[in-house]
Amino acid sequence: MLLLPALIVLAVLFAGCQSKEEQRDSLMENAKKLEASADCAKAREEARKALEIDPNCAAAYLLLGRCDMKEEKWADALHNFGRAHSLAPTDFDALRNLSRLSLMTEDVAKAEEYASKALALRPDSVEVKVTKANLLMRKKDILPATQLLEEAVKLEPANEEAVVGLASAYLNTNKAEHAKALLKYALEKKPDSSAMLTLLLNLAFREQDYASAQQYLTKLQTLHPDDEHLVIQMADLLSLLNKGKDAPAYLADYLTKYPKADTVRMRMAELSLTDGKVDAALAELDKAPEATPALRLAKATILVRSGRTNEGIAALRSLSTDAKAGESANTALLGLAEVYLDQEQPDAAIKALTDLIARSPDNLNAYILRGQTYYFQKRYAEAVADLS
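Below or above, wherever it landed, is the structure these notes cover.

The rules behind each value
Residues numbered from 1 in each chain as written. Predicted model: local features only at pLDDT ≥ 70, side-chain atom pairs only at ≥ 80, totals over all residues. Heavy atoms only, no water. Helix = DSSP H or I, 4+ residues; strand = E, 2+ residues; numbered from the N terminus. Rg over C-alpha atoms; globule rule 2.2 N^0.38 Å. Buried < 20%, exposed > 50% of the residue type's maximum accessible area, 1.4 Å probe, protein only. Contact = heavy atoms within 4.5 Å. Areas by Shrake-Rupley, 256 points an atom, 1.4 Å probe, with all protein chains shown as cover. Lys, Arg positive; Asp, Glu negative; His and termini not counted. Charge placed at Lys NZ, Arg CZ, Asp CG, Glu CD. Salt bridge = Lys/Arg side-chain N within 4 Å of Asp/Glu carboxyl O. 1 Å grid on protein atoms, 1.4 Å probe; cavity = no way out; pocket = protein on both sides within 12 Å on 5 of 7 lines; lining within 4 Å. Points joined across faces, edges and corners; volume = space filled by probe spheres on them. Nonpolar A, V, L, I, M, F, W, Y, C, P; charged D, E, K, R; others polar. Expected span 1.5 Å × (residues − 1). Arc of directions from axis to C-beta.

## Regarding the overall build of the protein chain
Part 1 of the argument: Scanning the protein chain from terminus to terminus reveals 23 helices and 0 strands.
Part 2 of the argument: Its C-alpha atoms give the protein chain a radius of gyration of 29 Å, more than 25% over the compact-globule value 21 Å for 388 residues.
Part 3 of the argument: When the backbone C-alpha atoms are referred to their principal axes, the protein chain occupies close to 90 × 60 × 50 Å.
Part 4 of the argument: Counting the 388 residues in the protein chain, one finds 41% classified as buried.
Part 5 of the argument: Counted over contacts in the protein chain with a minimum sequence separation of 6, partners at least 24 positions apart contribute 42%.
Part 6 of the argument: Here the protein chain displays about 21600 Å² of accessible surface, and carbon together with sulfur accounts for 54% of that area.
Part 7 of the argument: Side-chain charges in the protein chain split into 49 positive and 57 negative, and the spacing between the mean points of these groups amounts to 1 Å.

## As for the pattern of salt bridges
Pairing is possible between side chains that carry opposite charge, provided their charged atoms lie close to one another.
Part 1 of the argument: Inspection of the entire model under this criterion finds 32 salt bridges.
Part 2 of the argument: A salt bridge links glutamate 29 to lysine 33; the shortest N-O distance between them is 3.8 Å. Taken together, the residues glutamate 29 and lysine 33, both in helix H2 (residues 20-36) and 4 residues apart, mark about one turn of the helix.
Part 3 of the argument: One salt bridge connects glutamate 112 with lysine 139, and the closest N-O pair in it is separated by 3.1 Å. Taken together, the residues span a long stretch of sequence, with glutamate 112 in helix H7 (residues 108-121) and lysine 139 in the loop between helix H8 (126-138) and helix H9 (142-155) at a distance of 27 residues.
Part 4 of the argument: On the basis of relative accessible area, glutamate 112 is assigned to the partly exposed category, the value being 22%.

## Some thoughts on the layout of surface pockets
Part 1 of the argument: If you add up the space inside the largest pocket, you get close to 210 Å³.
Part 2 of the argument: The wall of the largest pocket is formed by Leu297, Ala300, Thr301, Val304, Arg305, Leu316, Thr331, Leu334, Gly335, Glu338, Val339 and Asp342.
Part 3 of the argument: If you list the elements that add at least two residues to the lining of the largest pocket, you get helix H18 (293-305) and helix H20 (327-342).
Part 4 of the argument: Broken down by element, the residue count for the lining of the largest pocket peaks at 6 residues, all from H20.
Part 5 of the argument: Counted by class, the lining of the largest pocket contains 6 nonpolar, 3 polar and 3 charged residues.

## A word on helix H11 (residues 176-189)
Part 1 of the argument: In a regular helix each residue adds 1.5 Å, so 14 residues correspond to 20 Å; H11 covers 20 Å between its end C-alpha atoms and thus fits that length.
Part 2 of the argument: Of all the residues in H11, the buried ones are Ala176, Ala179, Lys180, Leu182, Leu183, Ala186 and Leu187. Down the axis of H11, the sector holding all buried residues measures 165°, keeping them to one side. Within H11, the exposed residues directed more than 90 degrees away from the buried face are Glu177 and Glu188.
Part 3 of the argument: Its buried side turned inward, H11 meets H9, helix H10 (160-172) and helix H12 (194-206).

## Quick word on the environment of cysteine 40
Part 1 of the argument: Its location among the elements puts cysteine 40 in helix H3 (residues 40-53).
Part 2 of the argument: Among the residues examined, cysteine 40 registers a relative accessible area of 9% and is labelled buried.
Part 3 of the argument: When the C-alpha positions of cysteine 40 and glutamate 71 are compared, they lie 8.9 Å apart, and in sequence the two are 31 residues distant.
Part 4 of the argument: Among residues more than four places away in sequence, those in contact with cysteine 40 are Cys67, Lys70 and Glu71.

## Quick word on unusual backbone geometry
Part 1 of the argument: Even without a glycine there, the phi angle at asparagine 174 is positive, about 60°.
Part 2 of the argument: Here asparagine 174 lies in the loop between H10 and H11.
Part 3 of the argument: Accessibility expressed as a relative area gives 74% for asparagine 174, which makes it exposed.
Part 4 of the argument: Despite not being glycine, glutamate 344 shows a phi value in the positive range, around 60°.
Part 5 of the argument: Within the secondary structure, glutamate 344 is located in the loop between H20 and helix H21 (346-359).
Part 6 of the argument: Using a relative accessible area of 70% as the deciding quantity, one classes glutamate 344 as exposed.

Printed below as a string of structure tokens:
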């Protein structure tokens, strides 16, 4: 009966006898397990406990940096990988990540420094080769960048970033056939690569190969069925192939499945406007299950452009005062100002623009339009203030 309490006492005594290094290592081992199970919050806690024991634990900073990267906390990641690098100057993972993050933050000199050091440690690192190539591309050093990317693709023929980078380099040197062959070969190994499909799609459009474009678009839509921009691209492609006959039916079918697809609904309305059917365009917008700010703005714009100016102004005023309309409310104010200027009501336009500037002080278009209006009113000092 005394055996169990005795074991507990021994376990406590053993834990108390652990050295600081053993405690740190135990915490880091646990932190890495938590990181592997995608529990970054708890992994961070364990890593910070390890840092309390050993403030110079580079592995803890590396783990924190990796968690930051997963959560897209770029500034924090840069800080933590920087601390890891200062503690372990030859750690490849710290250098690899620092090179990418420095490139993201436009610190090209640092990015080059870290990439060169990382490549010196691991000359066959595809990721670092791609980062170094991106740096060279920015400097317009196309040939050495291409060479690096070709090395990367030889090492990993289906690496999406390397393949897309090399294809782009080929396109920059007028080697479209090389780019297409590379992308098609890599796509066989990685058929769900949106980046490769998108580049092939753009190439097909550029070469007016609409049959291939339709094939790539269809594959992209299979991967991203909710992507409204792909739907619009397909509608535009159908317009090119069939002179617009199939586009309305295609969009209508999509809206039946996804009635809240505002961008697609607005494209449908545009098709009606192209045929001169203003009422049909307005009716299409009214079919939406919710009058979102974007749809209200589109409707107001159609009313103004179709000559129903008073209705358009009323719609723009209503939207501009809607506190929940966000950026659409600001766009409505800018639209109101433009309508007032068309009606030769400069004072009303200035008031709308002044309201917009008070609400959105960084709105460059508002300052430009108000400055131009002041200028035509010969209010030169105010014009200079807005335009400078």
